[in-house]
Amino acid sequence: MSGSAPLYLQIVTRERASTRALPDDGALTIGRGQSAAIRIDDKAVSRKHAQLVIEGRRVRIIDLGGRNGTRINGKRLVRDGERALASGDVISIGSATLVLHKDEAEDTQTVEATQSVAPTRVELGERVVLIATPVMARVFELLRRLARSELPVLVRGETGVGKENAAYAVHHWSPRAAGPFIAVNCAAIPQNLVESELFGHVRGAFTGATGARAGLFERAAGGTLFLDEVGELPEATQAKLLRVLEDGLITPVGAGRPRELDVRVVAATNRDLAAEVEAGRFRRDLYFRLASAPIQIPPLRERVHEVPVLANEFLEQACARQGRAPLQLAPGATRLLLGHPWPGNVRELRNLAEYLAVAVAGETIEARDLEGSLREAAVIAGVSASQPSAPAPAPEAPEERPPLAEELKALERARIVEALERAHGVQKHAAALIGMPLRTFSAKLKQHGLKKRGR
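None of these values were measured; they are calculated from a predicted model.

**Let's talk about the overall build of the protein chain**
If you tally the helices and strands in the protein chain, you get 15 helices and 22 strands. Here the protein chain, with 455 residues, has 50% of them falling under the buried criterion. Long-range contacts, defined here as pairs at least 24 residues apart, represent 64% of the contacts in the protein chain between residues at least 6 apart. As presented, the protein chain carries roughly 21900 Å² of accessible surface, and 49% of it is formed by carbon and sulfur atoms.

**Section: the side chain of Arg 347**
With respect to the secondary-structure elements, Arg 347 resides in helix 11 (residues 345-359). Residue classification places Arg 347 among the buried residues on the basis of a relative accessible area of 19%. Non-local contacts of Arg 347, meaning those with residues more than four positions away in its chain, are made with Thr 159, Gly 160, Glu 418, Glu 421 and Arg 422.

**What to know about the packing of helix 2 (residues 134-147) against helix 3 (residues 163-172)**
Relative orientation of the contacting elements helix 2 and helix 3 amounts to 40°, with a least axis distance of 8 Å. Here helix 2 lies oblique to helix 3, going by the angle between them. Classified by chirality, the crossing of helix 3 by helix 2 is right-handed. Where helix 2 abuts helix 3, its residues Phe 140, Leu 143 and Ala 147 lie against Asn 165, Ala 166, Ala 169 and Val 170.

**What to know about helix 15 (residues 438-447)**
Residues Phe 441, Ser 442, Lys 444 and Leu 445 constitute the buried set of helix 15. The arc enclosing the buried residues of helix 15, seen along the axis, measures out at 160°, which places them on a common side. What points out from helix 15, more than 90 degrees from its buried face, is the exposed set Arg 439 and Lys 446. Backbone geometry just after helix 15 places Gly 449 at a positive phi near 70°.

**Describing the packing of helix 9 (residues 306-322) against helix 11**
For the pair helix 9 and helix 11, interaxial distance at closest approach is 8 Å and the crossing angle is 45°. Considering the angle they form, helix 9 stands oblique to helix 11. Classified by chirality, the crossing of helix 11 by helix 9 is right-handed. Here helix 9 contributes Val 307, Leu 310, Ala 311, Phe 314, Leu 315, Ala 318, Cys 319, Arg 321 and Gln 322 to the contact with helix 11, which in turn contributes Val 346, Leu 349, Arg 350, Ala 353, Glu 354, Leu 356, Ala 357 and Val 358. Within the contact of helix 9 with helix 11, the residues separate by chemical class into 13 nonpolar, 1 polar and 3 charged.

**Structural notes on the sheet that holds strand 14 (residues 153-156)**
The sheet built from 5 strands is open, its strands ordered 15-16-19-14-20 with parallel pairing. Across the chains shown, the open sheet's two edge strands, defined by having one partner strand only, are strand 15 (181-185) and strand 20 (293-296). Put simply, the sheet's adjacent strands are angled 20° from each other on average, direction ignored. Of the strand pairs in this sheet, strand 15 and strand 16 (residues 224-228) are connected by 5 bridges, and their pairing is parallel. Bridge pairing in strand 16 places Ile 182 opposite Leu 225. Against the sheet, helix 2 engages strand 14, strand 19 (264-269) and strand 20, with an angle of about 160° to strand 20.

**Observations concerning the sheet that holds strand 3 (residues 25-31)**
Here 5 strands make up an open sheet; going across it, the order is 4-3-5-6-9 and the pairing mixed. Looking along the sheet, the strands with just one partner apiece sit at the ends: strand 4 (38-39) and strand 9 (82-85).

**Some points on the pattern of salt bridges**
For the coordinates displayed, the defined rule picks out 17 salt bridges. Its salt-bridge partner being Arg 127, residue Glu 164 comes within 3.0 Å of it at the nearest N-O pair. Of this pair, Glu 164 sits in helix 3 while Arg 127 sits in strand 13 (residues 127-131); the two residues are 37 residues apart in sequence, bridging distant segments of the chain. Residue classification places Glu 164 among the partly exposed residues on the basis of a relative accessible area of 21%. Overall, Arg 127 belongs to the partly exposed group, its relative accessible area being 25%. The salt bridge partner of Glu 306 is Arg 303, with a shortest N-O separation of 2.8 Å.

Rules used throughout
- Counting restarts for each chain: residues are numbered from 1 in the order of the written sequence.
- Given that the model is predicted, a residue must reach a pLDDT of at least 70 before its local features are reported, and side-chain atom pairs must reach 80 or more before they are shown or counted; all residues, however, enter totals for whole chains, interfaces and linings.
- Note that the side-chain values use all heavy atoms of the structure and ignore hydrogens as well as water.
- For the purposes of this entry, the term helix denotes a DSSP run of H or I that reaches at least four residues, the term strand denotes a run of E that reaches at least two, and both are numbered from the N terminus.
- Relative accessibility under 20% of the residue-type maximum defines a buried residue, over 50% an exposed one, and the middle range a partly exposed one, all with a 1.4 Å probe and only protein chains included.
- Here, residues are in contact when the closest pair of their heavy atoms is within 4.5 Å.
- Shrake-Rupley sampling with a 1.4 Å probe provides the accessible areas, and residues are treated as covered by the protein chains on show and by no other component.
- All axes here are fitted lines through C-alpha atoms, helices being fitted over the stretch that makes contact, and every angle between N-to-C directions spans 0 to 180 degrees.
- Orientation categories follow fixed angle ranges, with anything under 35 degrees roughly parallel, anything over 145 roughly antiparallel, 65 to 115 roughly perpendicular, and all other angles oblique.
- The hand of a helix crossing depends on one turn: near helix anticlockwise from the far one by less than a right angle means left-handed, and clockwise means right-handed.
- Our arc is simply the arc of the directions from the helix axis toward the C-beta atoms.
- Each residue is assigned to one of three groups, with Ala, Val, Leu, Ile, Met, Phe, Trp, Tyr, Cys and Pro labelled nonpolar, Asp, Glu, Lys and Arg labelled charged, and all others, Gly among them, labelled polar.
- Only strands that DSSP links by at least two bridges are regarded as paired with each other.
- By definition, a salt bridge exists where a carboxyl oxygen of Asp or Glu is found within 4 Å of a side-chain nitrogen of Lys or Arg.

The quantities given are spatial measurements derived from coordinates; they are silent on function.
So, in structure tokens, the structure goes:
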């Protein structure tokens, strides 16, 4: 392929999930017949159902008049018709699903991350995602296409890059949009409670189970369940999750019979799950199920043109919550933001905006208002804060800083907001993350004017 990224198909059937590399050029028949290059053992599929034609980097699919037709991204292809395919297009033939991957995003990601586009607001119901780089525009285009299928989607990326927004986009653009979207951070659930939280339990299943309780899967019925940090699940729970994905069946803790559920699973991880599989810490069969449609979200340091766009958006929102006019970024402050490595990604930037909205006394954010927070974040993450290439601003006259008590209050509020985000609004989990008693945590929410989102 002359150094080009490979073309391949992700193939998911009732029995298994696999990957099939495609040639540089040629035609591959898809069907039930023994001679089919891509064989689907399903009575709903014809012996010669469809054909893939590859010509360099271009791929077409041709319907061969197969029974029950061929669907692309949920839309039926005209009988004996053909259509060009793009990376991420979902092909449905009988019970099988095939996803084309050209890896074009990986080929161009480095270039696209250094380019900018006019900021775009992607409306996802009550959520809004700001995009200012081509690579992120491509990510959300692919999410829109995958949303129309029932494929499990695996969102990969560092902590704080916005994996939950990607998962919500899949839900919002899917036929399940009217159903619930339930998000859970698998790393925040105590290991002895994971199965009960996910699958529920019956009365008497364990000490303290005084009544039956529906799990997160049941609460997400008809909608989407987002499993963040899925790589943290214990092995026994992984086996149960595999059964849900394959058969649509769950078994509550203590129950004798499984229950049928209609739930789409979107998972996310900041780990290299392929490496976890090789190390024996994650089930291979579950990995192939979850990775049917992989999405990679690049870190914020590779999307530098989004930094000032997001910073101004978050500052405007944070200042509105504090009842003050929006703060302005001085040129020196913007240069510092552009040069920071952002180990905490978008979440770190949002938390910084919350802090600045409380701590900065004037109307403009200067470089000195950022230096301490950015340096501390880089040290904690074990990275070196890169310096911007632009010349440093001229020394400015010292400005009176707010009282120490106000700075500490702002820091405490920012840590609480971060903990609530990591725990998806579950107060007891958020309190545990920062080592604070639940009663104290609840009182602090009221003190800081933060909305309660559940216990």
